[in-house]
Amino acid sequence: MALMKDDWKGIRIHKYGPLYHHLRRCVLPSLDIEAKSPSFEARPISLQNGVYLFEEKKSGKLFIGKFFGTRKMIPENEQRRLLDAEFNNLKILRNKGLRHVPDQVVRPISKAAEINCLLVENHVPGHDLDYYIQKAIKEGQNDRLMKKLSELARFFARLHACTAIPGKINIRRIQYDFNEFVRTLLKKNLIDKKTSDRFLSLLREWRDSRGISSNTSVLVHGDATPTNFIFSPDVGITAIDLERMHFSDNALDIGMLAAELKHHYAACALNAGASEPFIQHFIASYHRELAGSDALITSLNERNPFYMAMGELRIARNEWLHVDHRRWLIEEALRCLQR
């Protein structure tokens with residue numbers, strides 16, 4: 001969604017197809033664009049995820065189309081559920097106030113389950129967090145990354161504060177996700193049965209005696225990867241891909257993002273330790289923005305290693321990563337859990 005218009009080479013949308021008519025009748029009016037005979041082109045951003053950048057050629061207006069129906073590994077009813085979930089989640093958070101500079105979620109424009117489960121959203125110009133991580137690693141732009149992490153910490157603090165409700169978090173959802181990560185790694189022969197059992201034993205230990213719990217439940221992004229946060233000088237930070245949003249522990253988003261930082265520095269800089277100043281800065285910035293008590297901050301810090309481990313296990317499932325790095329992520333997750 002951070003894709004710019006440079007070197008545009010689009011695929012023309014057929015004038016008499018259902019996609020064309022949806023774009024003309026539902027999308028353009030929502031964007032205050034009047035065109036008697038509009039012309040649309042599309043360019044893929046992510047074929048794997050069915051995400052395209054659209055342009056209405058006469059006005060030059062850009063917007064995003066996300067086709068959940070391209071995910072053939074999941075049944076059609078689940079494709080429709082994910083479409084509805086992301087559309088509704090974006091509306092919920094925008095109604096909570098996350099629709100203005102400098103912290104917002106992307107604006108949903110329309111949805112059409114009958115057109116390959118299509119979701120249309122605003123196009124947000126800018127760079128994602130991954131861009132700034134790579135600039136820091138390859139060009140030494142550390143201060144720039146620190147600034148972006150401060151902005152992201154502010155976004156998370158605002159997201160969590162405006163959606164907090166009293167009551168214990170749903171431990172079952174956390175356990176289910178953790179178990180699924182471990183099962184996937186076992187199935188892919190990245191861990192053996194003994195290691196799998198060790199992970200599940202550590203999960204029970206954290207659940208029963210080390211306290212992965214909180215008296216407050218918040219809406220978490222649920223997919224806190226660097227590519228899901230766009231930074232723009234004009235609109236600040238914009239979060240995208242909210243299909244996994246759910247009520248949980250606020251430490252989940254923070255730990256997941258910290259795991260991503262460690263992963264990137266280990267994989268791209270071959271120096272996981274170089275991520276520590278950025279992780280500590282991000283966590284400290286979140287604490288300041290949340291303005292919590294000393295007890296709250298201590299509790300967040302105590303839970304963070306568990307969610308970092310979850311994040312590392314989640315990343316280790318990705319088959320495009322080198323197998324040695326995936327095994328390192330698994331070992332790092334064990335170290336986090338055994339602290």
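The structure contained in this document is the topic of the report that follows. (Residues numbered from 1 in each chain as written. Predicted model: local features only at pLDDT ≥ 70, side-chain atom pairs only at ≥ 80, totals over all residues. Heavy atoms only, no water.)

Details of the environment of Pro 108
Topologically, Pro 108 is positioned in strand β7 (residues 108–112). Those residues in contact with Pro 108 that lie beyond four places of it in its chain are Phe 87, Leu 90, Lys 91, Arg 94, Val 120 and Glu 121. (Helix = DSSP H or I, 4+ residues; strand = E, 2+ residues; numbered from the N terminus. Contact = heavy atoms within 4.5 Å.)

Section: the sheet that holds strand β4 (residues 61–67)
Read from one edge to the other, the open sheet built from six strands follows the order β1-β2-β3-β4-β8-β7, with strand pairing classed as antiparallel. Because the sheet does not close on itself, it has two edges, and the strands there are β1 (11–12) and β7. Sheet strands in contact with helix α1 (residues 18–30) are β2 (40–46), β3 (51–56), β4, β7 and β8 (118–122), and its direction is about 150° off that of β7. Running over the sheet, helix α2 (residues 76–95) touches β4, β7 and β8 and is turned about 155° from β7. (Pairing = 2+ DSSP bridges. Axes fitted to C-alpha atoms, helices over the stretch in contact; angles between N-to-C directions.)

Looking at the packing of aromatic side chains
In this description, an aromatic ring pair is defined by two values, namely the gap between the centres and the angle between the planes. One pass over the full model with this rule turns up 15 aromatic pairs. Seen from their ring centres, Phe 155 and Phe 156 are 5.9 Å apart, and the 65° between their planes marks the pair as edge-to-face. The residues Phe 155 and Phe 156 share a single accessibility class, namely buried. With centroids separated by 5.7 Å and ring planes inclined at 40°, the aromatic side chains of Trp 206 and Phe 306 adopt a geometry described as tilted. Of this pair, Trp 206 sits in helix α6 (residues 193–210) while Phe 306 sits in helix α9 (residues 294–316), and the two are 100 residues apart along the sequence. We classify Trp 206 as buried; its relative accessible area is 1%. Chaining the aromatic ring pairs together yields one cluster made of Phe 178, Phe 199, Trp 206, Phe 306 and Tyr 307. (Phe/Tyr/Trp six-rings, centres within 6.5 Å; stacked < 30°, edge-to-face > 60°. Buried < 20%, exposed > 50% of the residue type's maximum accessible area, 1.4 Å probe, protein only.)

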